[in-house]
Amino acid sequence: MLTPTQLEEIAALLEADQVVALPTETVYGLAGRAASRAAVERIFAVKERPGDNPLIVHVAAPEAALALGRSVPPWARHLADAFWPGPLSLVLESAVEWPWVQGGHPTVAVRVPRPDWLRELLARTGPLAAPSANRSGRPSPTTAGHCLADLAGRIPAVVDGGPCEGGLESTVVDCTGPEPVILRPGPVTAEMIAGALASAGPPRVEEEDGSPARGGAGAAPVTAAHSPVARAASPGTRHPHYRPRARVVLLEEGQPVPEGHAMVIAPGDLPPGSPPQTLVRRWESPEALARNLYAWFREADHAGVPVIYVYRPARTGLGVALLNRLEKAAGD
Ligand code: TXA
Ligand code: MG
């Protein structure tokens, strides 16, 4: 176990093409040098990750990150300006040939993470590929303990930076077409993206039927839910994800909690007449649910409960990303 202050030790491991679990502002990542085939092959082996699922490359600074792409559209630069460092990954036409990172695609996903110490590390090691530091298919880790639970004995070090600030994986935006397409909703919401583009570009013009105009800096992002093409382009969405061992069942607001041994995750008090539950976890804001969701999934598994009931958050803002993870966890 290392801490973020031990930059020398962490850098030495990475420079020797080892892989290290480390905290970002979203979730813990399993990092290895992106330019090194050996390091990246280790990441896939340790995680037991399907080889066709490409990795996000983490870079020290925005200019260096965008330099990994070719013909980067101006609106993608606006997104980088607005949200980096931060929980946004941009998929670009790749200027590098790192097939081991790209999963056989001509594109590369890049992001500049928020923690200062991590960008300092990146400035020393160069770009680091880092998927979430869980075994493939398990919930993403948001503490060093979660990383150990999944990967102990398989990696030389975990950097303990405490619980992650955000708790949900970054928003992934495809920047290879005429307009931004959200491949994976996340902490940078569709509203935030539209707002950043509207303030950066020409005023947004609506088509006659009320749909957003296409192209240009002011274009509104299109979500993957509306775009089967986008779904096919995001290889990670085909694989099972975010699943605890317990069955996840989503409940509507006001719906009674079924009888039986369970964890209940709810925004406030349970409806009157709810059965006494083994475990109740409450959240007061979507941010609090995001921060705790994966830890609660793991806690439920640890306690051996067979089912987790989760009241659906509203499908707006961060709620879109939460519902995306919850619906996948529920197997919808
Ligand atoms: O917050 C995060 O993004 C965390 C931290 C560690 O940075 N990383 C993370 O990585 O969640 P991972 O590997 O668990 O998820 C990466 C997602 C996958 O859905 C993958 O398919 C997609 O990004 N992705 C990566 N490269 C891509 C590309 N070139 N084209 C399309 N999708 C890509
Ligand atoms: Mg992952």
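Here the structure is a predicted model, which is why all the values come from computation and not from measurement. (Residues numbered from 1 in each chain as written. Chains lettered and ligands numbered in written order. Predicted model: local features only at pLDDT ≥ 70, side-chain atom pairs only at ≥ 80, totals over all residues. Heavy atoms only, no water.)

Visitor: So what exactly am I meant to see when it comes to the pattern of salt bridges here?
Guide: Once the charged atoms of two side chains with opposite charge are near each other, the side chains can pair. If you walk through the whole model with that rule in mind, you get 17 salt bridges. When the shortest N-O distance is used, the salt bridge between Glu 8 and Arg 124 registers 3.2 Å. Within this pair, whereas Glu 8 is found in helix H1 (residues 7-15), its partner Arg 124 is found in helix H6 (residues 116-125), the two being separated by 116 residues in sequence. A relative accessible area of 39% means that Arg 124 is categorised as partly exposed. When the shortest N-O distance is used, the salt bridge between Arg 282 and Asp 269 registers 3.5 Å. Of this pair, Arg 282 sits in strand S14 (residues 279-282) while Asp 269 sits in the loop between strand S13 (263-266) and S14; the two residues are 13 residues apart in sequence, bridging distant segments of the chain. In this structure Arg 282 comes out as partly exposed when scored by relative accessible area, which is 44%. Each member of the salt-bridge network shares a partner with another, and the members are Arg 138, Asp 150, Arg 298 and Asp 301. (Salt bridge = Lys/Arg side-chain N within 4 Å of Asp/Glu carboxyl O. Helix = DSSP H or I, 4+ residues; strand = E, 2+ residues; numbered from the N terminus. Buried < 20%, exposed > 50% of the residue type's maximum accessible area, 1.4 Å probe, protein only.)

Visitor: How should I be thinking about the side chain of Thr 189 in this particular structure?
Guide: Position of Thr 189 among the secondary structure elements: in the loop between strand S10 (181-184) and helix H8 (190-200). Beyond its immediate stretch of four places on either side in the chain, Thr 189 contacts Gly 317 and Leu 318. (Contact = heavy atoms within 4.5 Å.)

Visitor: Whenever I open this one, the layout of surface pockets confuses me. Can you help?
Guide: Rolling a probe over the atoms, with the probe sized like a water molecule, indicates the empty space that remains. Taken as a whole, the second largest pocket holds about 290 Å³ of empty space. Contributing to the lining of the second largest pocket are 16 residues, with Pro 87, Gly 166, Pro 187, Glu 287 and Leu 318 lying nearest its centre. It is helix H10 (residues 286-303) that provides the largest number of residues to the lining of the second largest pocket, a total of 3 residues. Along the lines of polarity and charge, the residues of the lining of the second largest pocket split into 8 nonpolar, 3 polar and 5 charged. (1 Å grid on protein atoms, 1.4 Å probe; cavity = no way out; pocket = protein on both sides within 12 Å on 5 of 7 lines; lining within 4 Å. Points joined across faces, edges and corners; volume = space filled by probe spheres on them. Nonpolar A, V, L, I, M, F, W, Y, C, P; charged D, E, K, R; others polar.)

Visitor: I'm lost on the site of ligand 1 in this one. Help?
Guide: The immediate surroundings of ligand 1 are formed by 25 residues, with Thr 26, Arg 49, Asn 53, His 58 and Ser 170 found nearest. Between ligand 1 and Ser 132, the relevant distance is 3.0 Å, taken from an oxygen atom to a side-chain nitrogen or oxygen of the residue. If you list the elements that add at least two residues to the shell around ligand 1, you get strand S3 (56-58), strand S6 (107-111) and S10. Take the shell around ligand 1: its biggest share by element is 4 residues, from S6. When the residues that make up the shell around ligand 1 are grouped by side-chain class, the tally is 13 nonpolar, 8 polar and 4 charged. (Near = heavy atom within 4 Å. Polar contact = N/O pair within 3.5 Å; in protein donor to acceptor, adjacent residues only side chain to side chain.)

Visitor: Can you walk me through the sheet that holds strand S12 (residues 247-251) in this structure?
Guide: Sheet strands pair by backbone hydrogen bonding; their relative direction is either parallel or antiparallel. Here we have 4 strands laid out as an open sheet, ordered S12-S15-S13-S14, and parallel in their pairing. Looking at strand neighbours, the two that pair on one side only are S12 and S14, the edges of this open sheet. Strand-to-strand, the axes of this sheet are offset by a mean angle of 20°, without reference to chain direction. In this sheet, strand S15 (residues 307-311) lies alongside S12 in parallel orientation, the contact comprising 5 bridges. Opposite Arg 247, over in S15, you have Val 307 as the bridge partner. (Pairing = 2+ DSSP bridges. Axes fitted to C-alpha atoms, helices over the stretch in contact; angles between N-to-C directions.)

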